[in-house]
Structures are given as structure tokens and as C-alpha cells.
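One-letter residues, chain by chain:
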Amino acid sequence: MMKNPRAFDHAILPVESLAAARERHEALGFTVAPDAKHPFGTENCCVFFDDGTYLEPLAIAQREDCERTALRGNQFTLRDQTYRFRNGENGFSAIALKSDDADVDHKHFRAEGISAGRKLSFGRTFTTPDGAKAKASFKLSFAADLRAPDIFGFTVQRLQMPVAGASGLTEHQNAVVGIREVVLCETNPTDFQYFLQELTGQRETEAHSFGMELRLGELTLNVMTPEGLRAHFGVEPTVMGRGLRLEGLIFNGGAPEGLRSHGPYKIADRAPGQGAFYAFMEER
């Protein structure tokens, strides 16, 4: 087990189209980065934050490339296709954690029985709003639990990455500065305690009346029962039944106008282009 928990990196949000994701997120006051393509058939339009985390709305650019690379063992496209087949084109499928060495992570996941297949290395061109281009490259290591086919995790080692804040990409009209909490759901949260501990490198968990939490620095993974989702956020689980699922995100520093209130939160319910519920603190 690691001495320190892995820090949260980003959330994978499958969408039917980047246009729908861009429209939805801009309507909520987010600045959305220019569209970018992966070399294996998917594309994204990310939302970056000052705290180093980000959202990755993910769409299919070339279905043939996704299918071909999935058949060849690309876990990113394979698990994205699996998620879309089971859940449709709008959702929250994976979480990524920061890594200094994806090779070490891969060995750890294999040793603990949670490896989700071979590593993935790739690069892509990153375009800033002012049209400047730079190269970004990554190495990923994957983890999953067969009891939860609709979620996977991976660590991401940034081999080369432009600075998002240099061109205003982390400045948002809604004043959001980062992700405060990732909300998951499962009937019996502690059934997935071991998986999440090994994925995150966080051994310590904190129980609460609706489940458990794992702290990753300033961010919390909150695994709640369906009753907890209803009580805290006024939302229903995406699917009733067993199996860990990703449901929502809580943000730091902003609360767009026109959203429904529930307790201390303003809630943006799931919508086309936004497959997770978003919760904003009413007090900025």
C-alpha cells in the first residue's frame, strides 16, 4: 500500500456528442476547452479547474477506430464501449487518479487482483482557445472490480502536459475552482472498500450513516446507499440493484443561478451532455 493516497485527476463522462456536452456545461457557467481527438477513436472537450482536476466529457469520433482498438486490448475504448452498451450515451463511467509511475501502479493492481488489463500510452495535440497547439502525452494503468461492470478506475502519468491555466481555461463564469467530492452509490458500500482502497492508495476510511468516505487530499470519495443519495441530494440512483456506480460531483467555489435547492446544495440534475448530477455549494 502506498504511503500517501493518490490524488484525484479527472472524471470520465461519456456523452453522445461534444456539442451537447459543450452546450450543457457552458449553460452552467463552465469554460470548456476546444475539442480534442484521441488516437484511438474517442474525442473530448475538457473542463479544467484551478485545483488541478478536470472533467472529461467523452464522445465517439470514429467508431471503427474505437472497435478496432478495443479488440486489440485498449482498455480505455473497450470499457467505454461496454459502458455505452449497458447504459447509453450519457453517464459517468470512470475516475482517474494522478500517478508518478504508471508502471508501478500496474504491478500493484496485478498483485492485488484488480488489474483491468494492459497499460496504455498515447499522445495527442492540445489546442488552447487562442489557437496555440502543444503536445500532451500520457501513460495509463487500469483497475476494475468484476462485481461492478459500470465503473472502472485508472491512474494517469502525465509525461507531457500544457498548462491549462495559461490561456484562461480554468476561469469559469460560475466561479468553480475545483472538485470537492465524487459521489458513488452501492447498496452495501463496504463491499467495495478493498477495491477503492487499492485503487486510491488510501487505507483509512470513515463510516457515516449512509456509507463511507475516503479522503484523497482535499477531495473526498463518498460511497452512499440509495437512501443517502435521496436524503443528501434529492436524486435517484441511475440503476437500482447491486454494483458500485459513479453518480455525481460536488464542486468548490460556485453556484450557478436557476438550479434547484436541496439542503446546502444547488443541484444540476442529469441532462443531455451531463451524465452525472452536479452539486454546488450555495455559499461561495
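These lines cover the structure that appears in this document, whether it is placed above or below. All values derive from a computational prediction rather than experimental measurement. Residue numbers run consecutively from 1 along every chain, following the written order of its sequence. Predicted model: local features are reported for residues with pLDDT of at least 70 only, side-chain atom pairs are reported and counted for 80 or more only, and whole-chain, interface and lining totals are derived from all residues. Hydrogen atoms and water are omitted, and side-chain values are computed over all heavy atoms in the structure.

### Let's talk about helix H6 (residues 226-233)
And step 1. Of the positions making up H6, those classed as buried are Pro-226, Gly-228, Leu-229 and Phe-233. When H6 is viewed along its axis, its buried side chains cluster within an angular range of 160° and face the same direction.
And step 2. Here a residue-residue contact requires only that any non-hydrogen atoms of the pair lie within 4.5 Å. Secondary structure elements follow DSSP: runs of H or I of four or more residues count as helices, runs of E of two or more count as strands, with numbering from the N terminus. On its buried face, H6 sits against strand S10 (178-185), strand S13 (219-224), strand S14 (245-252), strand S15 (260-262), strand S16 (265-268) and strand S17 (277-281).
And step 3. The first or second residue beyond H6 is Gly-234, which carries a positive phi of 65°. Relative accessibility under 20% of the residue-type maximum defines a buried residue, over 50% an exposed one, and the middle range a partly exposed one, all with a 1.4 Å probe and only protein chains included. The arc in question is the one spanned by the directions pointing from the helix axis to the C-beta atoms.

### A closer look at unusual backbone geometry
And step 1. Although it is not a glycine, Ala-175 sits at a positive phi angle of roughly 70°.
And step 2. Structurally, Ala-175 can be placed in the loop between strand S9 (152-160) and S10.

### A look at the side chain of Glu-198
And step 1. Considering the arrangement of structural elements, one finds Glu-198 in helix H5 (residues 193-200).
And step 2. Only four residue types enter the charge count: Lys and Arg as positive, Asp and Glu as negative, with His and the chain ends excluded. Salt bridge criterion: a side-chain nitrogen from Lys or Arg within 4 Å of a carboxyl oxygen from Asp or Glu. Buried charge without a partner: Glu-198 forms no salt bridge, and the closest opposite charge is Arg-203, 4.9 Å away.
And step 3. Polar contact criterion, stated in full: a pair of N or O atoms within 3.5 Å, where within protein one must be able to donate a hydrogen and the other to accept it, and residues adjacent in sequence count only if both atoms are side-chain atoms. Among the polar contacts made by the side chain of Glu-198, one reaches the side chain of His-108 at a distance of 2.8 Å.

### Section: the pattern of salt bridges
And step 1. In this structure the tally under the stated criterion is 19 salt bridges.
And step 2. For Asp-9, the salt bridge goes to Arg-158, with nearest N and O atoms at 2.7 Å. In this pair, Asp-9 is assigned in strand S1 (residues 8-14) and Arg-158 in strand S9, connecting sequence segments 149 residues apart.
And step 3. Glu-236 is the partner of Arg-230 in a salt bridge, and the nearest nitrogen-oxygen pair spans 3.0 Å.

Take it as geometry only, folks, not as evidence of what the structure does.
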